Amino acid sequence: MVKEIRIFRCSCNHRLRYGASSCSYCFRPTPIWNRWWLPLVLVAVIGAGIWLNRL
Ligand SMILES: [Zn+2]
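Our subject in this report is the structure included herewith. (Residues numbered from 1 in each chain as written. Predicted model: local features only at pLDDT ≥ 70, side-chain atom pairs only at ≥ 80, totals over all residues.)

## A word on unusual backbone geometry
Of note, the phi angle at Asn13 is positive, near 75 degrees, even though the residue is not glycine. Residue position: Asn13 is located in the segment before α1 (38–53). Phi is positive for Phe27, which is not a glycine, with a value near 65 degrees. With respect to the helices and strands, the residue Phe27 is situated in the segment before α1. A count of 9 C-beta atoms within 10 Å places Phe27 in the exposed class. (Helix = DSSP H or I, 4+ residues; strand = E, 2+ residues; numbered from the N terminus. Buried ≥ 20, exposed ≤ 12 C-beta atoms within 10 Å, placed from the backbone.)

Structural data, given as structure tokens:
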């Protein structure tokens, strides 16, 4: 059984399942930092910045 990761809370105080694009309680869109791909994008952007600075 996979344990659900719940880090952030919605503005309705519902604990958001990590990676969900909308709250399962009030169906409002979740903040951008609740997306599972955000760390990947951040790593890619930071990596590209470091790589460009070395040119
Ligand atoms: Zn909500």
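Here the narrative resumes.
## Observations regarding the environment of Ser24
Residue position: Ser24 is located in the segment before α1. The spatial distance from the C-alpha of Ser24 to the C-alpha of Val41 is 24 Å, given a sequence separation of 17 residues.

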